[in-house]
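Structural features, examined
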Amino acid sequence: MPSHQHEFPLDLIRNDPGSVVELLKEITGKPLPEYTRVRCDSAEATSTALTQLTSDSVVVCERPPYPHEKTDGPVSVLGIIVEPHNKPDPRKYYRWPAYVANTRLRLECPVVLLVLAPTSKLAGRFSEPIDLGCGEVRPLVLALDTLTPVTDLEVAVARPVLTVLAMANNPTEDGAALNALLEALKSLDASSTPLYSDYVLAALEATAPGALEKFMILKDYEYKSETMRRPYREGREEGRTEAILGVLEERGIPVSEGVRERIGATTDLDLLDTWVRRAVRVEKAEDLFEA
């Protein structure tokens, strides 16, 4: 099952595909082709071969057609394949070139491969050129641990995804950075998926509970999703139990009868609060109870 670290950036991208362009600019520092629209595209990279190939996310930059181009629809000028990876996977060095080649064939435009890695060490491994025997594919890799927390409010509003990713991967209790995070979340909360603002708070809880506590108290931030908001509104063990099970169910994680009984029998509110936050990122229900 995909991990929280894997799904969080993808969820942001689905709701704000323009953020991928910002990440690409962050890495290359170079201007991109002229475009007027950015959209998410099908992640399928399948050819007539039997193997089903599906990348994590594909974003396309488009522009209106020029007069000499014989088409009425938008023209694709750049495809961006986004692959978050938290550990080495030798198979990807064979799959990634296929993603690039088949997506390029389908879109008929240049395609880049953007890999999001949690650490600089892992980014170094992913950035190595992939030898095809007749050329090579060079992944563009962003090490998330190199992102500096944003402290400028205007930058936070203009680049909310970068602000959120930077804080999630490099938490700080700096007041300016927390203010910037708040402004970024306000911007992102207009999206159709309010739960991802809770994802960054869950990531902050896992790495810097002090920063999260300061943020929640000083800014009086409320969880945006109903499954996360209910226990704090009701203030009862039953509400927290419902929230834990609701988050797990929403994420498609099976819950055994033994897990249900253990959650239902717990009256320690602090422990239940911990399990609510863990429910956002665990890979199986039993992981809730691991210290």
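Only a predicted model underlies this, so the values are computations on that prediction, with no experimental measurement involved.

**Focus: the nonpolar core**
Within soluble globular proteins, side chains that are nonpolar tend to cluster in buried spots. Formed by 20 residues in total, the largest nonpolar core has its most connected members in V20, L23, I80, V82, L114 and L147. Mapped onto this core, the elements with two or more residues apiece are α2 (18-28), β2 (57-63), β3 (75-84), β4 (111-117) and α6 (160-169). Judged by nonpolar contacts, the second largest core, of 19 residues, contains V58, L107, A117 and F126.

**Let's talk about the packing of aromatic side chains**
Tallied over the full model, the rule gives three aromatic pairs. Pairing Y93 with W96 gives two aromatic rings, centres 5.8 Å apart and planes at 65°, and the pair type is edge-to-face. With a gap of three residues between them, Y93 and W96 both fall in helix α3 (residues 92-107), about one helical turn apart. Both rings, one in W96 and one in F126, keep their centres 5.7 Å apart while their planes meet at 65°; by these two values the pair is edge-to-face.

**Concerning the pattern of salt bridges**
Summed over all chains, the structure comprises eight salt bridges. Linking K92 and E83 is a salt bridge whose minimum nitrogen-to-oxygen distance equals 3.7 Å. Of the charged contacts, one joins R91 and D89 as a salt bridge, the two residues approaching to 3.2 Å between their closest N and O atoms. Taking the relative accessible area as the measure of exposure, R91 reaches 56% and is therefore exposed. Note on D89: relative accessible area 14%, which makes it buried. Residues participating in the shared-partner salt-bridge network are R37, R39 and E62.

Cut-off values and rules
- Residues numbered from 1 in each chain as written.
- Predicted model: local features only at pLDDT ≥ 70, side-chain atom pairs only at ≥ 80, totals over all residues.
- Heavy atoms only, no water.
- Core = buried A, V, L, I, M, F, W, Y, C linked by side-chain atoms within 4.5 Å.
- Buried < 20%, exposed > 50% of the residue type's maximum accessible area, 1.4 Å probe, protein only.
- Helix = DSSP H or I, 4+ residues; strand = E, 2+ residues; numbered from the N terminus.
- Phe/Tyr/Trp six-rings, centres within 6.5 Å; stacked < 30°, edge-to-face > 60°.
- Salt bridge = Lys/Arg side-chain N within 4 Å of Asp/Glu carboxyl O.

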